[in-house]
Amino acid sequence: MELSHAAGRVAVAPARDATPRIGGVAQPFTGGSELRDPYRDEVVTRVALSTSKEVRAAVDAALEAQPRIAGMPVHERAAVLRRAADLVEERAEVYASTITRQTGKALKNTLREVRRAAWTMRAAATAAESMRGQVLPGDVAPDGEGILALTLREPVGVIGAITPFNAPFNLVVHKVAPAFAAGNAIVVKPASEAPLAALDVAEVLEEAGAPTGAVNVLPGNRQTIGALVADQRIGMFTLTGSRAAGEALLRGAGLRRVVLELGGNSPNIVHRDAPLAATAAACVRGGFANTGQSCNSVQRIIVHRDALDEFTDALLATTARLVVGDPMDPDTDVGTVVDTAAADRIEEWLDEAQRRGARLLAGGHRSGAQLEPIVVVDAPLDSRLVCEEVFGPVVVLLPYGEVDEAIATANATPFGLQAAVFTESLDVAMRVSRGVRSGAVLVNKTTNYRMDHLPYGGVKESGFGREGPASAIEEMTELKLVVIGRADAIS
């Protein structure tokens, strides 16, 4: 199947319902809601509402599959992931167009996401092959002579995953691939705005040789999440989503392990010695890719006063060259936000800031769910546009004079996911790296830069725990100590 647009034709998957996939079997559609393309306002799919009955069945299937996954030699699990990665790359355009139709993200962004997901699968395979424990000396203690101690990593069992709409393929893979690599089965509740990607991931892994039931998918709503969290057979939860969703999960999870990635309010510090034209271009890419709907998107740009005019001119010139239009057109840079409700919220925050003195240097025009890229100055420091996560195509320019002032501004948020600094000074880079409270500080890279194999996660209200396949495998396994003594020295 192909979809026409101004620049040609793009392959898309045939229409299908987003229904529960349990034990390798797609369930019939028994009721739910329609999901519409936010640009064309056409129905893309019908999204099922998974009930508590289907949640129990999915956990049953995962429990049945998990011992078979754990019993697979590591090289077989790694081979499955690499075969799946090859299949994902072969089908990248179809998978990407499916995401674009659901979310309104530009096709060039969704293609990059899907290809990154294939790389993430390969990184998980490599991490599985590198998974190891330690051999620890016993004789450091007086009663440890002749003792051999070692640690093993064992799978948690069944993992519950809750994933967002903004990167619905790669962020599912970031949970599914390490879980499988470590010997776990998983039950995924995808975002209701983009559920088909999780179904694609489950299908491609099974096609690559994963046992049926390794990945079970439950489209649904908050009630579906509630039923999932209530099932005590699930040993761990991993969620990427809002602060409210994370707090609700923590209340229900009890003593079970939880990893949370809850978003950000990314500060990007531009020092006066930075290469300003290149930095401005990077901030435009980092602020408006994915229509700004990334938890690490460039949102606050904290610019030295000596560089502010030149940087602003370069930023506006680059922003003006962005192509805003049909998300399915390969030439489009900026598509839509996920729906008109999201656009309404962004406009509300923008209006609030403007009433209090903020000025628009670019953007402000809207058509349905599509907003032109917005550049704001003079926004009050306590406005939601500055303090909260906008999750849209908005960047805010904030001036500073001294490095300590920039650090204080960067820290003036409840979030702490990623921060960035652009400078040629090692001293400035180190002062910012040590002074800003966040899960990562990037030097001469924007906050939305992420290498999928590296540890990724935040502090403060951005959550806790780390993703990235090697880090996720540690989160998704239990450390077991084995102590071996001599049979002739039993005590």
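Further up the page is the structure itself.
Let me sum up the structure you'll find in this document.

Further remarks concern the overall build of the protein. Counting its secondary structure elements, the protein contains 15 helices and 26 strands. Here the C-alpha coordinates of the protein stretch approximately 80 × 60 × 40 Å along the principal axes. Split into buried and exposed, the 491 residues of the protein put 56% on the buried side. For the protein, contacts bridging at least 24 residues in sequence account for 73% of all contacts bridging at least 6. About 19900 Å² of surface is accessible on the protein, with carbon and sulfur atoms providing 52% of the total. In the protein, the 50 positive side-chain charges and the 60 negative ones have mean positions that sit 3 Å from each other.

We now examine the sheet that holds strand β19 (residues 374–377). The strand order across the open sheet built from seven strands is β16-β19-β20-β15-β14-β22-β23, with neighbouring strands paired in mixed fashion. This sheet does not close on itself; its edge strands, each paired only once, are β16 (359–362) and β23 (440–443). Sheet twist, expressed as the mean angle between neighbouring strand axes with direction ignored, is 25°. In the packing of helix α9 (residues 276–288) onto the sheet, contacts are made with β14 (267–270), β15 (300–304), β19, β20 (394–400) and β22 (418–422), and the angle to β20 comes to roughly 140°.

Turning to α9, a few remarks are in order. Given a rise of 1.5 Å per residue, 13 residues ought to cover 18 Å, and the 18 Å separating the end C-alpha atoms of α9 matches this to within 8%. The element α9 is largely enclosed, with a buried count of ten among its 13 residues. Of the residues making up α9, those classed as buried are Leu276, Thr279, Ala280, Ala281, Ala282, Cys283, Val284, Gly286, Gly287 and Phe288. Looking at the buried side of α9, the elements it contacts are β14, β15, α10 (308–320), β19, β20 and β22.

Tallied over the entire structure, the rule returns 37 salt bridges. Residue Arg366 is joined to Glu347 by a salt bridge in which the shortest nitrogen-to-oxygen separation is 2.9 Å. Residue Arg366 is found in strand β17 (residues 366–367), and its partner Glu347 is found in helix α11 (residues 340–355); the two are separated by 19 residues along the sequence. Overall, the relative accessible area of 29% leaves Arg366 in the partly exposed class. Residue classification places Glu347 among the partly exposed residues on the basis of a relative accessible area of 27%. Arg431 is paired through a salt bridge with Asp404; the nearest N and O atoms lie 3.1 Å apart. Note that Arg431 is positioned in helix α14 (residues 426–435) and Asp404 in helix α13 (residues 403–411), a separation of 27 residues in sequence.

Turning our eyes to something else, we now look at the environment of Leu249. By the secondary structure assignment, Leu249 is in helix α8 (residues 243–253). On the basis of relative accessibility, which here comes to 3%, the residue Leu249 falls in the buried class. Once the C-alpha coordinates of Leu249 and Phe237 are considered, the two residues, twelve residues apart in sequence, prove to be 8.3 Å apart. Apart from residues no more than four positions distant in its own chain, Leu249 is found in contact with Ile162, Val229, Phe237, Leu239, Val258 and Leu260.

This part takes up the packing of helix α2 (residues 74–90) against helix α6 (residues 196–207). Two elements in contact, α2 and α6, have axes whose closest approach is 8 Å; the angle formed by their N-to-C orientations is 125°. By the angle class used here, α2 and α6 are oblique. In the crossing of α2 with α6, the sense of the turn from one axis to the other is right-handed. Contacts between α2 and α6 involve Val80, Leu81, Ala84, Leu87 and Val88 from the first element and Val204, Leu205 and Glu207 from the second.

This part covers the nonpolar core. Core analysis: the biggest nonpolar cluster contains 80 residues, and Phe169, Leu205 and Val215 have the highest contact counts within it. Counting residues per element, this core draws most heavily on helix α4 (residues 107–130), which supplies ten residues. Setting aside anything within four residues of it in sequence, one finds Val215 in contact with Arg21, Val176, Ile186, Val188, Ala202, Leu205 and Glu206. Counting 36 residues, the second-largest nonpolar core is a separate cluster that includes Ala194, Ile346, Leu371 and Val436.

Another aspect to go through is α8. Among the residues making up α8, those that are buried are Gly246, Leu249 and Ala253. Seen from one end, α8 has its buried residues packed into an arc of 65°, which puts them on one side. Of the residues trailing α8, Gly254 is marked for its positive phi of about 65°.

The next thing to look at is the sheet that holds strand β26 (residues 477–484). Read from one edge to the other, the open sheet built from three strands follows the order β7-β8-β26, with strand pairing classed as antiparallel. Looking at which strands have only one partner, the edges of the open sheet turn out to be β7 (135–137) and β26. Taken pair by pair, the neighbouring strands of this sheet meet at an average axis angle of 30°, ignoring direction. Alignment of β7 against strand β8 (residues 148–155), held across three bridges, turns out to be antiparallel. Residue pairing for β8: Leu136 is matched across the bridge by Ala149.

Definitions and limits used
Residues numbered from 1 in each chain as written. Predicted model: local features only at pLDDT ≥ 70, side-chain atom pairs only at ≥ 80, totals over all residues. Heavy atoms only, no water. Helix = DSSP H or I, 4+ residues; strand = E, 2+ residues; numbered from the N terminus. Buried < 20%, exposed > 50% of the residue type's maximum accessible area, 1.4 Å probe, protein only. Contact = heavy atoms within 4.5 Å. Areas by Shrake-Rupley, 256 points an atom, 1.4 Å probe, with all protein chains shown as cover. Lys, Arg positive; Asp, Glu negative; His and termini not counted. Charge placed at Lys NZ, Arg CZ, Asp CG, Glu CD. Pairing = 2+ DSSP bridges. Axes fitted to C-alpha atoms, helices over the stretch in contact; angles between N-to-C directions. Expected span 1.5 Å × (residues − 1). Salt bridge = Lys/Arg side-chain N within 4 Å of Asp/Glu carboxyl O. Parallel < 35°, antiparallel > 145°, perpendicular 65-115°, else oblique. Left-handed = near helix turned anticlockwise from the far one by under 90°. Core = buried A, V, L, I, M, F, W, Y, C linked by side-chain atoms within 4.5 Å. Arc of directions from axis to C-beta.

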